[in-house]
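Chain by chain, the residues run as shown.
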Number of protein chains: 2
Amino acid sequence: MYNPLAMKLEQFTRFDPVERARIDELIRHGSRSYARGENIISAGENTEEIHLVMAGLATRSKVTHDGHRQLIAFLVPGDLCDIEVFILEAMDHDVVALTDTTCALIPASEIKRLLTESCNLTRALWWSTMADAAILREWVVSHGARDAKSRLAHILCELLVRYRVVGLGENNSVPFPMTQEELSDATGMTSVHLNRVLKDLRTEGLVELKSRILTIVDFERLSEIAQFEPGYLHLVRTQRADPAVADRVGDLVLPTGRGLFESAWGSARQALGRGAPHKPRAMAS
Amino acid sequence: MYNPLAMKLEQFTRFDPVERARIDELIRHGSRSYARGENIISAGENTEEIHLVMAGLATRSKVTHDGHRQLIAFLVPGDLCDIEVFILEAMDHDVVALTDTTCALIPASEIKRLLTESCNLTRALWWSTMADAAILREWVVSHGARDAKSRLAHILCELLVRYRVVGLGENNSVPFPMTQEELSDATGMTSVHLNRVLKDLRTEGLVELKSRILTIVDFERLSEIAQFEPGYLHLVRTQRADPAVADRVGDLVLPTGRGLFESAWGSARQALGRGAPHKPRAMAS
DNA sequence: CGCGAAGTTGAAAGACCTCAATTATTGTGG
DNA sequence: CCACAATAATTGAGGTCTTTCAACTTCGCG
């Protein structure tokens, strides 16, 4: 059974069979499908069931007072939509299906039970929310400090890596069902300008985007333009992590030797005596 | 003893004397001072002690490949700098003192113990990280969907409220030790442009900013320009919260009746049968 | 009082937006 | 399977917001 949540959490830790069974159990309590454009959760709601994206693509979004919509995050399979309602009184934003999307519905009580029963799973869930926050920080950097081209390139790199982590997409292609208008709401520019910038990336032979499939032709150059340093995704494959999991995204490697998980602070970690990050094998595009 | 962490967490829950003593204990394990400009934590580090800002002002920051610095968050007294190193392998950004700052050093073991001992305190800490993430989301909205003037106004409103929560500042004035250059790195514009936009706010009689004190002269109009809806800060004062705590920020009320904690989804919550949010008393500026 | 850092201002260039029209693509009913 | 409508993508021209560069002024502090 395809369990993207488990695949994602395995980026952080290794599960024993009991824990793994526990995660599989989580997604068996029911599911629901949402049509494209439908709200999965709306601001102000406080659901009793946690939504886990199983298939499709969703987004967090807010609309400003003057009608400008801003997408705040993408939710790919394996992402939890609303774990915050555990603690916060209500959602402060909408979660919208960007394409037909199905979510597993996890009763809040199940999560609560898990939090009291398994330390390892609790840590994994915590990691998940912290990794989400790290992505959010990078979005702030993108929007505040990068120009349109770099910003677009960065978001494409992010999506590629995140899809690959949950086993979706082949080679350097991933599903890309959203419209340019939606992509422009994510990158904080007009759809007209996005179209022009995207055209630039296309004519430079960096990406292809047709029939809802994004193909990154030249990941190395694109990630240079994006200043994409995957370390912020915190996909650490520690000693706890399964080597087989590591291989799942292993071919996303910059031929220059800057691997997916090698980041700007690799040297710092070495200095701290924790060793350099694992360097996956290089491989042709 | 001034304990800004407790003051902040009391926005979310009420503590019994034992819990309160536990929080006071946390900040008694030692402290350290940092000069302005000094790194409190650097990217790549993985500290054994959690840093809690007790006085001063700090910021999370990242520097892009082309040398552009982006501030990602402000850390006021009561904010935890690096609770993520519990879970993540290493910090993915720097935490820098914007003015002379002192931090309490909380041994990680103390936090761990707290997490296993007190359910209420665990929830409170979790709330704290989720409220931080909510602020981050609003920063993305600000940078992606608001123009320079609105963006600046928004960040000033945020700082005012957050300072007030921990009992700092009087009336509508708060400490504001950062330079315009640093503020421009936060708002994602050049210092030149920031200077002009700030001048506009000043000449319109909305704010005053001199000798490191920010005074918000007309909070109502400023928050209109900012489209500031304080609900995103999740400073819910539930039944668990102490009314005395509520009063601490209670005078930050928009004279029009849109209170500090009333947000766009007030009506939605009502429709869901959970009642309207608590409406603090209105009061003159 | 003098020095360095921070704040302020002007003018011109560049990035991005707006508006509007055109073309391509997708989905649907016959 | 095709025709049609609706949606999405593309392009052009001109305007606005923001940046760049450089000079100048003010402030803080020894």
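Now for a quick tour of the structure. (Residues numbered from 1 in each chain as written. Chains lettered and ligands numbered in written order. Predicted model: local features only at pLDDT ≥ 70, side-chain atom pairs only at ≥ 80, totals over all residues. Heavy atoms only, no water.)

### What to know about the interface of chain A and chain B
Interfaces are frequently sized by the accessible area removed from exposure as the parts join.
At step 1: Every contact between the two is made by 53 residues of chain A and, on the other side, 53 residues of chain B.
At step 2: Run the count over chain A and chain B and you get 6 salt bridges.
At step 3: Taking the shortest distance from any N to any O, the salt bridge between R137 of chain B and E84 of chain A comes out at 3.7 Å.
At step 4: Linking chain A with chain B are 10 residue pairs in polar contact (both at pLDDT 80 or more), by the criterion used here.
At step 5: Of all the secondary structure elements, the ones that give two or more residues to the side of chain A that touches chain B are β4 (58-63), β5 (69-75), α4 (119-145) and α10 (266-271) of chain A.
At step 6: For the side of chain A that touches chain B, the element with the most residues is α4 of chain A, which contributes 15 residues.
At step 7: A breakdown of the residues in the side of chain A that touches chain B according to their chemical character gives 26 nonpolar, 13 polar and 14 charged. (Contact = heavy atoms within 4.5 Å. Salt bridge = Lys/Arg side-chain N within 4 Å of Asp/Glu carboxyl O. Polar contact = N/O pair within 3.5 Å; in protein donor to acceptor, adjacent residues only side chain to side chain. Helix = DSSP H or I, 4+ residues; strand = E, 2+ residues; numbered from the N terminus. Nonpolar A, V, L, I, M, F, W, Y, C, P; charged D, E, K, R; others polar.)

### Thoughts on the pattern of salt bridges
At step 1: Going through the model one piece at a time under the given rule, you end up with 40 salt bridges over all chains.
At step 2: Note that R113 of chain A and E110 of chain A form a salt bridge whose closest N and O atoms lie 3.6 Å from each other. With a gap of 3 residues between them, R113 of chain A and E110 of chain A both fall in helix α3 (residues 108-117), about one helical turn apart.
At step 3: The exposure class assigned to E110 of chain A is buried, which follows from its relative accessible area of 10%.
At step 4: A salt bridge links D79 of chain B to R162 of chain B; its shortest N-O distance comes to 2.6 Å. Placement of D79 of chain B in the loop between β5 (69-75) and β6 (94-97) and of R162 of chain B in helix α5 (residues 148-165) is noted, with a sequence separation of 83 residues between them. Neither residue differs from the other here; D79 of chain B and R162 of chain B are each classed as buried.
At step 5: Salt bridges sharing common partners tie together R22, E25, E110, R113 and E117 of chain A. (Buried < 20%, exposed > 50% of the residue type's maximum accessible area, 1.4 Å probe, protein only.)

### Focus: the protein's contact with DNA strand C
At step 1: In the vicinity of DNA strand C there are 18 residues, among which R36, Q180, N195, R196 and K199 of chain B approach most closely.
At step 2: For DNA strand C, the fraction of atoms within 4 Å of the protein that belong to sugar or phosphate moieties is 74%.
At step 3: Here a phosphate oxygen of DNA strand C sits 2.6 Å away from a polar atom, N or O, in the side chain of Q180 of chain B.
At step 4: N195 of chain B has a polar side-chain atom sitting 2.6 Å from a phosphate oxygen of DNA strand C.
At step 5: Where the surface near DNA strand C is concerned, the elements lending two or more residues are α7 (191-203) of chain A together with α6 (180-187) and α7 (191-203) of chain B.
At step 6: Looking at the surface near DNA strand C, the element that brings in the most residues is α7 of chain B, giving 5 residues. (Near = heavy atom within 4 Å.)

### Points about the packing of aromatic side chains
At step 1: The final tally for this structure, using the stated rule, is 10 aromatic pairs over all chains.
At step 2: With centroids separated by 5.4 Å and ring planes inclined at 10°, the aromatic side chains of F12 of chain A and W127 of chain A adopt a geometry described as stacked. Of this pair, F12 of chain A sits in the loop between α1 (4-9) and α2 (17-26) while W127 of chain A sits in helix α4, and the two are 115 residues apart along the sequence. Pair check on accessibility: F12 of chain A and W127 of chain A agree, each one buried.
At step 3: For the ring pair F228 of chain B and Y232 of chain B, a centre distance of 5.9 Å and an interplane angle of 90° mean the geometry is edge-to-face.
At step 4: Relative accessible area serves as the criterion here: at 1%, F228 of chain B is assigned to the buried category.
At step 5: Among the residues examined, Y232 of chain B registers a relative accessible area of 2% and is labelled buried. (Phe/Tyr/Trp six-rings, centres within 6.5 Å; stacked < 30°, edge-to-face > 60°.)

### Thoughts on the relation of the copies chain A and chain B
At step 1: The transformation that overlays chain A on chain B combines an axial shift of 0.0 Å with a rotation of 180°, and the residual RMSD is 0.0 Å. Taken together, the rotation angle and the small translation identify this as a two-fold axis.
At step 2: Of the residues that chain A buries at the interface, 100% are likewise interface residues in chain B, meaning the two copies contact each other through the same surface. (Least-squares fit on C-alpha atoms with pLDDT ≥ 70 in both.)

### Focus: α2 of chain A
Residue and element names in this part refer to chain A.
At step 1: Those residues of α2 that fall on the buried side of the exposure criterion are E19, R22, I23, D24 and L26.
At step 2: Of the surrounding secondary structure, the elements contacted by the buried residues of α2 are α1, β7 (101-107), α3 and α4.
At step 3: Of the residues flanking the start of α2, the one acting as N-cap is D16, its side-chain oxygen 3.0 Å from the backbone nitrogen of V18.

### Looking at the protein's contact with DNA strand D
At step 1: Of all residues adjacent to DNA strand D, which total 17 residues, the nearest are R36, Q180, N195, R196 and R202 of chain A.
At step 2: Within 4 Å of the protein, the contacting atoms of DNA strand D are drawn from sugar and phosphate to the extent of 70%.
At step 3: Between DNA strand D and R196 of chain A, the relevant distance is 3.0 Å, taken from a base nitrogen to a side-chain nitrogen or oxygen of the residue.
At step 4: Between DNA strand D and R196 of chain B, the relevant distance is 3.1 Å, taken from a base oxygen to a side-chain nitrogen or oxygen of the residue.
At step 5: Listed by contribution, the elements that provide at least two residues to the surface near DNA strand D are α6 (180-187) and α7 of chain A together with α7 of chain B.
At step 6: For the surface near DNA strand D, the element with the most residues is α7 of chain A, which contributes 5 residues.
At step 7: Residue classes in the surface near DNA strand D are distributed as 4 nonpolar, 6 polar and 7 charged.

### Some remarks on the pairing of strand β6 (residues 94-97) of chain A
All names here are of chain A.
At step 1: Strand direction decides the pairing type here: strand β2 (residues 39-41) and β6, joined by 2 bridges, are antiparallel. Residue pairing for β6: N39 is matched across the bridge by V96.
At step 2: Of the pairings in the sheet, the one linking β4 to β6 comprises 4 bridges and is antiparallel in character. What sits directly across from S61, in β6, is D94. (Pairing = 2+ DSSP bridges.)

### Some remarks on the environment of R146 of chain B
At step 1: Here R146 of chain B shows up in the loop between α4 (119-145) and α5.
At step 2: Exposure remark for R146 of chain B: the relative accessible area of 7% places this residue in the buried category.
At step 3: Between the C-alpha atoms of R146 of chain B and Q227 of chain B, which are 81 residues apart in sequence, the distance is 9.0 Å.
At step 4: Apart from residues lying up to four places away in sequence, R146 of chain B is in contact with T64 of chain A together with E138, V141, R151, H154, A226 and Q227 of chain B.

### Details of the nonpolar core
At step 1: Counting 174 residues, the largest nonpolar core has F74, L152 and L156 of chain A together with F74, L152 and L156 of chain B as the members making the most contacts within it.
At step 2: There are two domains that each give this core at least three residues, and those are domain 1 (1-133) and domain 2 (146-285) of chain B.
At step 3: Among residues more than four places away in sequence, those in contact with L156 of chain A are F176, L201, V207, L214, I216 and L222 of chain A. (Core = buried A, V, L, I, M, F, W, Y, C linked by side-chain atoms within 4.5 Å. Domains from an automatic or database assignment.)

### Details of the side chain of Q70 of chain A
At step 1: Mapped onto the elements, Q70 of chain A comes out in strand β5.
At step 2: Using a relative accessible area of 0% as the deciding quantity, one classes Q70 of chain A as buried.
At step 3: Within the structure, Q70 of chain A has its side chain in polar contact with the backbone oxygen of D185 of chain A (distance 3.1 Å).
At step 4: At 3.1 Å, the side chain of Q70 of chain A and the backbone oxygen of A186 of chain A are in polar contact.
At step 5: Setting aside its immediate chain neighbours within four residues, Q70 of chain A contacts R60, S61, K62, H143, D185, A186 and G188 of chain A together with V140, V141, G144 and A145 of chain B.

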